[in-house]
Amino acid sequence: MQETKTRSLTKTIAWRIVATLNSFLVLVYLSNILPTNLGKAIAMNITGFFVYYIYERIWNVIKWGKK
């Protein structure tokens, strides 16, 4: 099944919002626990991996914009 351009654009914009929120929450809640920037970057990538997986699973259920 192919996606419409509108669906792809909507998913892209929504993902950037979700990813930004993930980064913000990691930085706010883990800034005292992880003192180094490397630790924060690793935490953001690990949480981002799981958040993206869930995000894609949700979009697979949504039928809107599929040809």
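Residue indices begin from 1 for each chain and proceed along its sequence in written order. It should be noted that, the model being predicted, local features are given only for residues of pLDDT at least 70 and side-chain atom pairs only at 80 or more, the latter also being counted only at that level, while totals for whole chains, interfaces and linings use all residues. For the side-chain quantities, the full set of heavy atoms in the structure was used; hydrogens and water were omitted.

Draft legend 1. A look at the pattern of salt bridges. Salt bridges, as used here, are contacts in which a Lys or Arg side-chain nitrogen is within 4 Å of a carboxyl oxygen on Asp or Glu. Inspection of every chain in the model, using the stated rule, returns three salt bridges. Close ionic contact of Glu-3 with Arg-7 constitutes a salt bridge, the shortest N to O distance being 3.2 Å. Across the pair Lys-11 and Glu-56 runs a salt bridge whose closest N-O atoms are separated by 3.5 Å. Linking Lys-11 in helix α1 (residues 5–30) with Glu-56 in helix α2 (residues 37–61), this pair joins segments that are 45 residues apart in sequence. Across the pair, Glu-56 and Lys-11 agree in class, each one buried. Within this structure, Glu-3, Arg-7, Lys-11 and Glu-56 form a network of salt bridges that share partners. Strands here mean DSSP runs of E at least two residues long; helices mean DSSP runs of H or I at least four residues long; both are numbered from the N terminus. The cut-offs for exposure are 20% and 50% of the maximum accessible area for each residue type, with area from a 1.4 Å probe on protein chains only; residues under the lower value are buried, those over the upper are exposed, and the others partly exposed.

Draft legend 2. Quick look at α2. Each residue after the first adds 1.5 Å to the expected span of a helix. In a regular helix each residue adds 1.5 Å, so 25 residues correspond to 36 Å; α2 covers 36 Å between its end C-alpha atoms and thus fits that length. Regarding α2, the residues found buried are Gly-39, Lys-40, Ala-43, Gly-48, Tyr-55, Glu-56 and Trp-59.

Draft legend 3. Focus on α1. Relative to the 38 Å expected for 26 residues at 1.5 Å per residue, α1 spans 37 Å between its end C-alpha atoms, a close match to the ideal helical length. Any two residues whose heavy atoms approach within 4.5 Å at even a single point are treated as in contact. Lining the buried residues of α1 we find α2.

Draft legend 4. Inspection of the side chain of Asn-22 at higher detail. With respect to the element layout, Asn-22 can be found in helix α1. On the basis of relative accessible area, Asn-22 is assigned to the buried category, the value being 13%. Under the rule applied, a polar contact is a pair of N or O atoms within 3.5 Å (in protein, one hydrogen donor and one hydrogen acceptor; residues adjacent in sequence only if both atoms are side-chain atoms). Among the polar contacts listed, one links the side chain of Asn-22 to the side chain of Thr-47, at a separation of 3.1 Å. Sequence-distant contacts of Asn-22, defined by excluding residues within four places in its chain, comprise Met-44, Thr-47, Gly-48 and Val-51.

Draft legend 5. Summary view of the packing of aromatic side chains. In this analysis, rings of Phe, Tyr and Trp, with Trp reduced to its six-membered ring, are considered paired at centre separations within 6.5 Å, and the interplanar angle assigns stacked below 30 degrees, edge-to-face beyond 60, and tilted for intermediate values. All chains considered together, the criterion is met by five aromatic pairs. An angle of 80 degrees between the planes, with centres 4.9 Å apart, marks the rings of Trp-15 and Tyr-52 as edge-to-face. Pair noted here: Trp-15 is in helix α1 and Tyr-52 is in helix α2, with a separation of 37 residues, a long-range link. Residue class for Tyr-52 comes out partly exposed when judged on its relative accessible area of 38%. Here the aromatic rings of Trp-15 and Tyr-55 are separated by 5.2 Å at their centres, their planes lie at 55 degrees, and the arrangement is tilted. Pair noted here: Trp-15 is in helix α1 and Tyr-55 is in helix α2, with a separation of 40 residues, a long-range link. Here a set of aromatic residues connected by ring pairs shows up, and it is made of Trp-15, Tyr-52, Tyr-55 and Trp-59.

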